[in-house]
Amino acid sequence: QVQLVESGGGSAQAGGSLRLSCAASGSIFSSSGMRWYRQAPGKQRDLVAAISSGGRTNYADSVKGRFTISRDNAKNTVYLQMNSLKPEDTAVYYCNLRSTYSADYWGKGTLVTVSS
């Protein structure tokens, strides 16, 4: 069973930075794709960034050039470095692991609040 635990959320001023972490239990992390999603109040959950097991990355247009996803397979951890934060980045951020068998696992989320 895979468990994902996010941390690093909190409050920031517009233009500031936060770094989210997601620690995974189990032995399938290094072979799995990892994603960060976010869900703002009253809105659907959207994909923010993804990183493949091989390190290939993809980003939503809204965060390109500002956010960076990375992974440390030795620590079973994926990160999301968020720079130049905007109020519209305010949301609950969720970590997702997709295994090679296309099974999805989710963390409980961490709240990011950006004030103007």
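In case you missed it, the structure is sitting above this.
Here is a short report on the structure shown in this document. (Residues numbered from 1 in each chain as written. Predicted model: local features only at pLDDT ≥ 70, side-chain atom pairs only at ≥ 80, totals over all residues. Heavy atoms only, no water.)

Quick notes on the sheet that holds strand β7 (residues 67-72)
Working definition: the strands of a sheet are paired by backbone hydrogen bonds and lie parallel or antiparallel to each other. Strand order in the open sheet made by the 4 strands is β1-β3-β8-β7, with antiparallel pairing throughout. Strand pairing shows two members of the sheet lacking a second neighbour, β1 (4-7) and β7, which therefore form its edges. Geometrically, the sheet is characterised by an average inter-axis angle of 15 degrees between neighbouring strands, direction not taken into account. In the sheet, β7 pairs with strand β8 (residues 77-82) via 6 bridges, with the strands oriented antiparallel. Looking at β8, one finds that Ser70 is bridged to Tyr79. (Pairing = 2+ DSSP bridges. Helix = DSSP H or I, 4+ residues; strand = E, 2+ residues; numbered from the N terminus. Axes fitted to C-alpha atoms, helices over the stretch in contact; angles between N-to-C directions.)

Focus on the nonpolar core
One finds Met34, Trp36, Val78, Leu80, Met82 and Tyr93 to be the most contacted residues of the largest nonpolar core, which totals 26 residues. Listed by contribution, the elements that provide at least two residues to this core are β3 (18-24), β4 (33-39), β5 (45-51), β7, β8, β9 (91-98) and β11 (110-115). Not counting residues up to four positions away in its chain, the partners in contact with Met34 are Leu4, Cys22, Phe29, Ala49, Ala50, Ile51, Ile69, Arg71, Val78, Cys95, Asn96 and Leu97. (Core = buried A, V, L, I, M, F, W, Y, C linked by side-chain atoms within 4.5 Å. Buried < 20%, exposed > 50% of the residue type's maximum accessible area, 1.4 Å probe, protein only. Contact = heavy atoms within 4.5 Å.)

Some words on the pattern of salt bridges
Inspection of every chain in the model, using the stated rule, returns 4 salt bridges. A salt bridge links Arg38 to Asp89; the shortest N-O distance between them is 2.9 Å. On the criterion of sequence distance, the pair formed by Arg38 in strand β4 and Asp89 in the loop between β8 and β9 is long-range, its members being 51 residues apart. Among the ionic pairs, Lys64 bridges to Asp61, the shortest N-O distance being 3.2 Å. Among the charged side chains, a network of salt bridges with common partners joins Arg38, Arg66 and Asp89. (Salt bridge = Lys/Arg side-chain N within 4 Å of Asp/Glu carboxyl O.)

Here's the deal with the packing of aromatic side chains
Considering all chains together, one arrives at 1 aromatic pair under this definition. Each ring, one from Tyr37 and one from Trp106, has its centre 5.0 Å from the other, and the planes form 55 degrees; the classification is tilted. On the criterion of sequence distance, the pair formed by Tyr37 in strand β4 and Trp106 in strand β10 (residues 104-106) is long-range, its members being 69 residues apart. Classification of Trp106 by relative accessible area gives partly exposed; the value is 38%. Sitting over the ring of Trp106, Arg45 keeps its end group 4.8 Å from the ring centre. Just above the ring of Phe29 sits the side chain of Arg71; from NZ or CZ to the centre is 4.6 Å. (Phe/Tyr/Trp six-rings, centres within 6.5 Å; stacked < 30°, edge-to-face > 60°. Lys NZ or Arg CZ within 6 Å of the ring centre and 35° of its normal.)

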